[in-house]
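Here is how the chains run, residue by residue.
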Amino acid sequence: MALHGPLKTSIATAWMAGARLLRVRPALTILYYHAVPDHLRDGFARQMDILAAETDVVFADFEGDVGGDRPMVAITFDDAFTSVARNAVPILAERRLPATVFAPSGWLGQKAGWAMESLHDQAETVMSADQLRAIQSPLLRIGSHSIDHVQMAAVGPEEAARQAAVSRSALEEVCGQKVDEFAFPYGSLNDAAVQAVHGAGYRRAYSVMPERIGSGHAAILRGRTAVEPSDTERLFRLKMHGAFCWMPLASRLKHALRA
Ligand SMILES: [Zn+2]
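What comes next concerns the included structure. (Residues numbered from 1 in each chain as written. Predicted model: local features only at pLDDT ≥ 70, side-chain atom pairs only at ≥ 80, totals over all residues. Heavy atoms only, no water.)

Quick word on the coordination of the zinc ion
- Coordination of the zinc ion by the protein comes from Asp79 (OD), His145 (NE2) and His149 (NE2), over a distance range of 2.0 to 2.2 Å.
- You can call histidine 149 buried: its relative accessible area is 3%. (Donors = N, O, S within 2.8 Å, 3.2 Å for Na, K, Ca; no water. Buried < 20%, exposed > 50% of the residue type's maximum accessible area, 1.4 Å probe, protein only.)

Concerning the side chain of histidine 149
- Secondary-structure assignment places histidine 149 in the loop between strand E5 (140-144) and helix H5 (157-175).
- Engagement of the side chain of histidine 149 in a polar contact is seen with the side chain of tryptophan 114, the distance being 3.3 Å.
- Separated by 3.4 Å, the side chains of histidine 149 and tyrosine 186 make a polar contact. (Helix = DSSP H or I, 4+ residues; strand = E, 2+ residues; numbered from the N terminus. Polar contact = N/O pair within 3.5 Å; in protein donor to acceptor, adjacent residues only side chain to side chain.)

Observations concerning the side chain of glutamate 124
- Looking at the element boundaries, glutamate 124 is found in the loop between strand E4 (99-103) and helix H4 (129-135).
- This buried residue, glutamate 124, is left without a salt bridge; arginine 86 holds the nearest opposite charge, at 5.6 Å.
- Separated by 3.0 Å, the side chains of glutamate 124 and serine 83 make a polar contact.
- Here glutamate 124 is in contact with Ala35, Phe81, Thr82, Ser83, Lys111 and Ala112, once residues within four sequence places are set aside. (Lys, Arg positive; Asp, Glu negative; His and termini not counted. Salt bridge = Lys/Arg side-chain N within 4 Å of Asp/Glu carboxyl O. Contact = heavy atoms within 4.5 Å.)

Topic: the packing of aromatic side chains
- Under the definition given, this model contains 8 aromatic pairs.
- Judged by centre distance (5.6 Å) and plane angle (50°), the rings of phenylalanine 102 and tyrosine 206 are tilted. Remark: tyrosine 206 occurs in strand E7 (residues 204-206) and phenylalanine 102 occurs in strand E4; sequence separation between them is 104 residues.
- For phenylalanine 102, a relative accessible area of 0% gives the class buried. (Phe/Tyr/Trp six-rings, centres within 6.5 Å; stacked < 30°, edge-to-face > 60°.)

A short note on a nonpolar patch on the surface
- Residues Leu21, Leu22 and Val24 make up a contiguous nonpolar surface patch of about 350 Å² in total accessible area.
- Among the secondary structure elements, leucine 22 is positioned in the loop between helix H1 (6-21) and strand E1 (28-33). (Patch = residues over 30% accessible without salt bridge, like charges linked within 9 Å, V, L, I, M, F, W, Y side chains within 5 Å. Areas by Shrake-Rupley, 256 points an atom, 1.4 Å probe, with all protein chains shown as cover.)

Regarding the nonpolar core
- With 57 residues, the main nonpolar core has Ile75, Phe77 and Leu132 as its most contacted residues.
- Of the residues forming this core, the biggest block, 6 residues, is contributed by helix H3 (residues 82-94).
- Non-local contacts of isoleucine 75, meaning those with residues more than four positions away in its chain, are made with Leu31, Tyr33, Met48, Leu51, Val57, Val58, Leu92, Leu97, Pro98, Ala99 and Thr100.
- If you look at the next biggest cluster of nonpolar residues, it comprises 11 residues, including Ile30, Val66, Ala74 and Ala183. (Core = buried A, V, L, I, M, F, W, Y, C linked by side-chain atoms within 4.5 Å.)

Side note on the environment of aspartate 130
- Note on placement: aspartate 130 falls in helix H4.
- Between the C-alpha atoms of aspartate 130 and valine 174, which are 44 residues apart in sequence, the distance is 8.0 Å.

As structure tokens, this is what we get:
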């Protein structure tokens, strides 16, 4: 479900107003980007300034108490594009913000050739093994985005298990560190795919459905909110406050009504 359109933004705005009124406790919201192209570098920097000033930025697998005064946000990037290494990583490092980059292990160093989630990303190249090693730091983790950037729910449980296990060992070989977080390409997942990822030794897996993550969240699967460096400040603030967390409910309702 794409995160744009005036209707969704209006619902999110109403949700925010309601949450303020009802004093809903802050939660952890996990954001995910794809590319950060050169012409949007400044926009990305402004978004990171907002996060640094107004939220506590943590890793996406954060398990502590999230009920403090400030909202918590985690930053992730799918596809490990070179534009992220070039533009986003220095901006994150300057502000000491943690982030996780999910790489498709079979595409390292190649022009991204899979069916794209965003048209902007068609000119992008995936980081090479050397580039992945270079961006890795205590504040920048590498996770898996499968081998081939496949739809994990469509390939069947055996192939899903292979995609999870082989990408994990390949990325561990590249990074020299444990890789135990997985982001589902296209957000394509079902129970069997989540089981396959769990069985391959991952501790956490991430979807593309917005979710407010509260304290004591123990499930392997966590939802994330799509964000673009080109988002307006107003839209970005709605996203960082988790104001799109009603979307999975709307999606389930839509399916139920169709059925
Ligand atoms: Zn992807």
